[in-house]
Amino acid sequence: LVQFVFESKVIAVAGDSIFLLPGIYNESVTLKSGITLIGYSKDTTSLASSTDTIIVPAGGDVTIRNISITASGTGKSAIKADVVGGNYVVLDNVNLTSDSDGYPIYAKDCTCSIEANNINGLGGQSYFENCDDIIINGCHDINNMFSRLF
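Residues numbered from 1 in each chain as written. Predicted model: local features only at pLDDT ≥ 70, side-chain atom pairs only at ≥ 80, totals over all residues. Heavy atoms only, no water.

1. So, the nonpolar core
And step 1. Counting residues in each nonpolar core, the largest one holds 30 residues, and the members touching the most others are Ile64, Ile69 and Leu96.
And step 2. For this core, the secondary-structure elements that each account for two or more residues are β1 (17-20), β7 (61-71), β8 (77-98) and β9 (103-115).
And step 3. Among the elements that line this core, the one with the most residues is β8, at seven residues.
And step 4. With residues near it in sequence (within four places) discarded, Ile69 still touches Leu47, Thr53, Ile54, Ile64, Ala78, Ile79, Val94, Asn95, Leu96 and Thr97. (Core = buried A, V, L, I, M, F, W, Y, C linked by side-chain atoms within 4.5 Å. Buried < 20%, exposed > 50% of the residue type's maximum accessible area, 1.4 Å probe, protein only. Helix = DSSP H or I, 4+ residues; strand = E, 2+ residues; numbered from the N terminus. Contact = heavy atoms within 4.5 Å.)

Right, here's the structure in full:
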């Protein structure tokens with residue numbers, strides 16, 4: 001059993017799922033390709049950071065479910081997939097929040113499936129650039145976060 005998401009991410013390999021128990025995890029995480037991150041519930045499991053909270057590297061195909069993710073640093077993102085090389089990011093039943101002019105989602109050169117999420121950018125909007133497909137279904141868009149689609 002590990003105490004931090006970082007520890008489990010180090011030992012996880014493609015195809016593995018990382019299950020988070022209820023609690024607040026104050027850390028930034030770069031997920032490896034093929035990893036699924038699953039919280040107990042988005043109401044009881046939180047990942048928070050003053051930097052980009054979850055980073056998806058080049059070619060990283062990841063799934064994130066049942067968790068609240070907050071970025072509180074100026075210009076930082078709750079989810080950042082900002083790389084050339086094609087990512088496939090699935091967000092399912094997730095609360096995403098950014099403040100201080102950050103982005104709830106910053107996606108560039110990737111494919112996103114965003115299902116049943118609450119998206120709240122207190123200071124900035126979600127940002128999508130050169131994304132092949134963006135599938136948005138059943139989301140609660142707080143503060144007009146999807147108005148900046150490129």
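2. Section: the pairing of β7
And step 1. In terms of strand pairing, strand β4 (residues 36-39) meets β7 through three bridges, oriented parallel. Note that in β7 the partner of Thr36 across the bridge is Thr63.
And step 2. The pairing of strand β5 (residues 45-49) with β7 spans four bridges and is classified as parallel. If you follow Ser46 over to β7, its bridge partner there is Ser68. (Pairing = 2+ DSSP bridges.)

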